[in-house]
Amino acid sequence: MKVTLACDHGAFELKESIKKHLEEKGIEYKDFGCYSKESVDYPKYAYAAAKPVADGEYDYGIILCTTGLGMSMAANKVNGIRAAVCTNEMLAEMTRRHNNANVICMGQAVVSQELANKLVDIFLSTEFDGGRHQRRVDLFTEIEKGNAI
Ligand code: RB5
């Protein structure tokens, strides 16, 4: 499994702590920045980490900002990305099972480093349920194409 990782200045410490966690777990990742606490524009980092997932080069993305919200909004503009803000274990599990989310978004001001690691573990290890949920997720693609549904 290969994952992308990105943050803005509001979640630099959280990204560094998740990197350590991924290394301990032996999970391959690529860090798309940012690389310091200097103020940056989060959509650029959301895009950098989301595009390779949409292109099938990476399996999942982990993107972080102060709240998780701006990163998720930007990532969800990339066709093929299903990015979900997760703040607890249930959301991390359900967005994989029902939405086939491929990007998890978290906020450094919202989750502790311990909780973030737990949510990453749940997100990366939970399978999509498929079935009726596949039909619903397929409708996202119709929306992306501009089709009425
Ligand atoms: C940066 O100040 C902050 O707006 C950003 O980290 C994020 O929370 C946006 O949604």
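For the structure, see preceding data.
We now turn to the structure provided with this report. Not measured: the values here are computed from a predicted model.

## Considerations on the pairing of strand β1 (residues 2-7)
Phase 1: Of all six residues in β1, five are buried; the element is thus mostly enclosed.
Phase 2: Pairing geometry for β1 and strand β2 (residues 28-31), over four bridges, is parallel. Looking at the pairing, threonine 4 lines up with lysine 30 of β2.
Phase 3: Considered for its hand, the β-α-β crossover made up of β1, helix α1 (residues 12-25) and β2 is right-handed.
Phase 4: Looking at chain direction, β1 and strand β3 (residues 60-65) are connected through five bridges and run parallel. If you follow threonine 4 over to β3, its bridge partner there is glycine 61.

## Some thoughts on the sheet that holds strand β4 (residues 83-85)
Phase 1: With parallel pairing, five strands are arranged side by side in an open sheet as β2-β1-β3-β5-β4. One side of each edge strand has no neighbouring strand; the edge strands of this open sheet are β2 and β4. Strand-to-strand twist in this sheet, taken as the mean axis angle between neighbours without regard to direction, amounts to 20°.
Phase 2: Both β3 and strand β5 (residues 103-107) contribute to a ladder of five bridges, which runs parallel. Paired with leucine 64 across the strands is methionine 106, a residue of β5.
Phase 3: Along the sheet, helix α2 (residues 42-54) contacts β1 and β3; its crossing angle with β1, the most-contacted strand, is approximately 170°.

## Considerations on the nonpolar core
Phase 1: One finds Ile18, Leu22, Ile62, Ile63 and Met106 to be the most contacted residues of the largest nonpolar core, which totals 44 residues.
Phase 2: Secondary structure elements with two or more residues in this core: β1, α1, α2, β3, α3 (69-75), β4, β5 and α5 (113-125).
Phase 3: Excluding residues that lie within four positions of it along the chain, isoleucine 63 makes contacts with Ala6, Ala46, Ala49, Met71, Ser72, Ala75, Val103, Ile104, Cys105 and Met106.

## So, the site of the ligand
Phase 1: Near the ligand, the surroundings consist of Asp8, His9, Tyr42, Cys65, Thr66, Thr67 and Gly70.
Phase 2: At a separation of 2.6 Å, an oxygen atom of the ligand approaches a polar side-chain atom of aspartate 8.
Phase 3: Starting from 290 Å² of accessible surface for the ligand in isolation, the protein chains cover 68%.

## Overview of the side chain of asparagine 100
Phase 1: Within the secondary structure layout, asparagine 100 lies in the loop between α4 (89-97) and β5.
Phase 2: Once residues lying within four places of it in the same chain are set aside, the contact partners of asparagine 100 are Arg82, Thr95 and Phe128.

## Side note on the pattern of salt bridges
Phase 1: Scanning all chains against the criterion turns up 11 salt bridges.
Phase 2: Close ionic contact of lysine 37 with glutamate 13 constitutes a salt bridge, the shortest N to O distance being 3.0 Å. Taken together, the residues lysine 37 in the loop between β2 and α2 and glutamate 13 in helix α1 connect sequence positions 24 residues apart.
Phase 3: Here aspartate 31 ties to lysine 19 by a salt bridge, and the two come within 2.9 Å at their closest N and O atoms. With aspartate 31 in strand β2 and lysine 19 in helix α1, the pair connects residues that are 12 residues apart, well separated along the chain. Here the two residues aspartate 31 and lysine 19 agree in accessibility, since each one is buried.
Phase 4: Residues joined by salt bridges that share partners form a network here, namely Lys15, Glu16, Lys19 and Asp31.

Thresholds applied
Residues numbered from 1 in each chain as written. Predicted model: local features only at pLDDT ≥ 70, side-chain atom pairs only at ≥ 80, totals over all residues. Heavy atoms only, no water. Buried < 20%, exposed > 50% of the residue type's maximum accessible area, 1.4 Å probe, protein only. Helix = DSSP H or I, 4+ residues; strand = E, 2+ residues; numbered from the N terminus. Pairing = 2+ DSSP bridges. Right-handed = clockwise from strand over helix to strand, strands pointing away. Axes fitted to C-alpha atoms, helices over the stretch in contact; angles between N-to-C directions. Contact = heavy atoms within 4.5 Å. Core = buried A, V, L, I, M, F, W, Y, C linked by side-chain atoms within 4.5 Å. Near = heavy atom within 4 Å. Polar contact = N/O pair within 3.5 Å; in protein donor to acceptor, adjacent residues only side chain to side chain. Areas by Shrake-Rupley, 256 points an atom, 1.4 Å probe, with all protein chains shown as cover. Salt bridge = Lys/Arg side-chain N within 4 Å of Asp/Glu carboxyl O.

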